[in-house]
Amino acid sequence: MKLSGGVEWALHCCVVLTAASQPVPAARLALFHDVSPSYLAKQMQALSRAGLVTSVQGKTGGYALTRPAHEITVLDVVQAVDGADPAFVCTEIRQRGPLGAAPEDCTKRCGIARVMGAAEAAWRASLRGVTIADLVGSMERDNGPGALPAIGAWLAPPSGPAARAH
């Protein structure tokens, strides 16, 4: 199964948005992840179209998750970015060529289609079973309990006298 790179970026953005106390501009998320702002904006727009993040307009605007992290699955993000189409599409090759089967002899899916369909169902079930909250927990286990608060502090807009001078 090959996924676009946008899936990885979108998942990372969803995880870090859990640490934000207010909406985060796409440009700030791009800077945090060291990726092109236009590329990241495309992934955030896909998440927005899928209803996983909301875009808040204005001076303090940006992106925020639309629901709690435990209600957003990895499969939700994958489908938002790469679509929900199946990875394998049977084209009924067995009906082609000099010994091709007649359509009426192909009322059941062939063994290849069954295996591929079962594999995809298992893959989707696995991704459906992992939430953004699970990924946050994994991050905290891997990077320590201070990782998310540090991310939240970095994502927060600058404040104080130095920020007002800019």
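Conventions and cut-offs
Residue indices begin from 1 for each chain and proceed along its sequence in written order. Two thresholds apply to this predicted model, a pLDDT of at least 70 for residue-level local features and 80 or more for giving and counting side-chain atom pairs, whereas whole-chain, interface and lining totals are computed over all residues. The side-chain numbers reported here are obtained from all heavy atoms of the structure, hydrogens and water having been left aside. As a per-residue measure, pLDDT reflects the predictor's confidence and takes values from 0 up to 100. Under the DSSP-based scheme used, a helix requires at least four consecutive residues in state H or I and a strand at least two consecutive residues in state E, with every element numbered from the N terminus. Only heavy atoms enter the contact rule, under which two residues are in contact if any of them lie within 4.5 Å. Working definition: with a 1.4 Å probe on protein chains only, accessible area under 20% of the residue-type maximum means buried, over 50% means exposed, and in between means partly exposed. One requirement defines pairing of two strands: DSSP has to find at least two bridges between them. For this quantity, the arc is that covered by the directions from the helix axis to the C-beta atoms. The set of buried Ala, Val, Leu, Ile, Met, Phe, Trp, Tyr and Cys residues whose side-chain atoms join them within 4.5 Å is what this entry labels a nonpolar core.

Engineer: I'd like to hear about the confidence of the model for the protein, residue by residue, with values.
Structural biologist: Looking at the protein, pLDDT values average 91 and 95% of them are 70 or higher. Mean pLDDT across the elements of the protein bottoms out in helix 8 (residues 161–165) (44) and peaks in helix 4 (residues 74–82) (97). Note on residues 160–166: pLDDT under 50 across the span, and one contact to partners over four residues away in sequence or across chains.

Engineer: I'd like a rundown of the side chain of Gln43, residues and numbers included.
Structural biologist: In this fold, Gln43 is placed in helix 3 (residues 37–49). For Gln43, a relative accessible area of 5% translates into the label buried. The residues touching Gln43, leaving out its near neighbours within four places in the chain, are Gly6, Trp9, Ala10 and Val81.

Engineer: Lay out the pairing of strand 2 (residues 62–65) with the relevant residues and their values.
Structural biologist: Across four bridges, the pairing between strand 1 (residues 53–56) and strand 2 is antiparallel. Across the sheet, Val53 pairs through a bridge with Leu65, a residue of strand 2. What sits between strand 1 and strand 2 in their antiparallel hairpin is a turn of five residues, with Gly58 showing a positive phi close to 105°.

Engineer: Describe helix 7 (residues 147–155), naming the residues involved and giving the relevant values.
Structural biologist: Regarding helix 7, the residues found buried are Ala147, Leu148, Ile151, Gly152 and Leu155. Within helix 7, the buried residues cover an arc of 135° as seen down the axis, which keeps them to one side. Opposite the buried face of helix 7, at more than 90 degrees from it, the exposed residues are Pro149 and Ala153.

Engineer: Tell me about the nonpolar core, residues and numbers included.
Structural biologist: Formed by 35 residues in total, the largest nonpolar core has its most connected members in Leu17, Leu29, Met44, Leu47, Val77 and Ile132. Mapped by element, the contributors of at least two residues to this core are helix 1 (5–17), helix 2 (26–33), helix 3, strand 2, helix 4, helix 6 (132–143) and helix 7. With eight residues, the top contributor of residues to this core is helix 1. Not counting residues up to four positions away in its chain, the partners in contact with Met44 are Cys13, Leu17, Leu29, Val53 and Tyr63.

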